[in-house]
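What follows is the residue order along each chain.
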Amino acid sequence: VGGPDHYVGVELDRKLASQCVARAHPAVELHMADVLQPDALKAALGERRFRVAMGNPPFGIGEVSQATQARLKELYPQVVQIKDWARLDLYFLLESLSRLERPGEIAFIVAAPIVQDPSLATFRNGHGITICL
């Protein structure tokens, strides 16, 4: 019975963002920010919460800042971190889940470890996530 009446996006890549804006629905609010920088994301979104979240985050692991590591640990205390590296898709999911109203819906394209890795079982179980393949 109709979709959302307002869309909020966060994008780092200016070229991609300009393509999105050109085709955007009139109710699109696009923020240029790096999701991997907690202060930048908070500046863009504040304390806003959302009924629906979706995304296609970067896959794999990457080196992240100390602030990002601290935020990851805050969002998921059981996270296993190796030095300055973190699962990027996990971080994106956790940030989105932290802003999700309950009940809410989330749809993300993720790599197999999010669904299968035994070390992430506490993440899947602890957030009440139903995985649809």
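Scroll up a little and you will see the structure.
Model, not experiment: these values are computed from the prediction.

A. Summary view of the overall build of the chain. The helix and strand inventory of the chain stands at six helices and six strands. Sequence-ordered secondary structure for the chain, helices as α and strands as β, is β-α-β-α-β-β-α-β-α-β-α-α. Evaluated residue by residue, the chain yields a buried proportion of 32% over its 133 residues. For the chain, the exposed area adds up to about 8,600 Å²; of that, 57% sits on carbon and sulfur atoms.

B. Molecular detail of the pattern of salt bridges. Enumeration over the complete set of coordinates arrives at six salt bridges. A salt bridge links E29 to R48, with the nearest nitrogen and oxygen atoms 2.5 Å apart. One end of the pair, E29, is in strand β2 (residues 28-32); the other, R48, is in the loop between α2 (38-45) and β3 (50-55), with 19 residues separating them in the sequence. With relative accessibility at 31%, the residue R48 sits in the partly exposed group. Linking R71 and E95 is a salt bridge whose minimum nitrogen-to-oxygen distance equals 2.9 Å. Highlighted residues: R71 in helix α3 (residues 66-75) and E95 in helix α4 (residues 88-98), separated in sequence by 24 residues. As far as burial versus exposure is concerned, R71 and E95 are alike and both buried. Ionic contacts of the salt-bridge type, sharing partners, join the residues R71, E74, E95 and R99 into one network.

C. Structural detail: α3. Turning to α3, its buried residues number three or more, namely T68, Q69, R71, L72 and L75. The buried residues of α3 occupy an angular sector of 165° when projected down its axis, which confines them to one face. Across α3 from its buried face, at more than 90 degrees, point the exposed residues Q66 and E74. The inward-facing, buried residues of α3 contact α2, β5 (85-87) and α4.

D. Examining the nonpolar core more closely. Counting 26 residues, the largest nonpolar core has L36, L72, Y76, L90, L94, I114 and F123 as its most contacted members. Within the residue set of this core, elements represented by two or more residues are α2, β3, α3, α4 and β6 (100-108). Ranked by residues supplied to this core, first place goes to α4 with seven residues.

E. Looking closely at the environment of R48. Through-space distance from the C-alpha of R48 to that of L100 is 9.0 Å; in sequence the pair is 52 residues apart. Only 2.5 Å separates the side chain of R48 from the side chain of E29, close enough to count as a polar contact.

F. Geometry of the side chain of R71. The class of R71 is buried, set by a relative accessible area of 17%. Setting aside anything within four residues of it in sequence, one finds R71 in contact with P38, Y91, E95 and S98.

Reading guide: rules and limits
- Residues numbered from 1 in each chain as written.
- Predicted model: local features only at pLDDT ≥ 70, side-chain atom pairs only at ≥ 80, totals over all residues.
- Heavy atoms only, no water.
- Helix = DSSP H or I, 4+ residues; strand = E, 2+ residues; numbered from the N terminus.
- Buried < 20%, exposed > 50% of the residue type's maximum accessible area, 1.4 Å probe, protein only.
- Areas by Shrake-Rupley, 256 points an atom, 1.4 Å probe, with all protein chains shown as cover.
- Salt bridge = Lys/Arg side-chain N within 4 Å of Asp/Glu carboxyl O.
- Arc of directions from axis to C-beta.
- Contact = heavy atoms within 4.5 Å.
- Core = buried A, V, L, I, M, F, W, Y, C linked by side-chain atoms within 4.5 Å.
- Polar contact = N/O pair within 3.5 Å; in protein donor to acceptor, adjacent residues only side chain to side chain.

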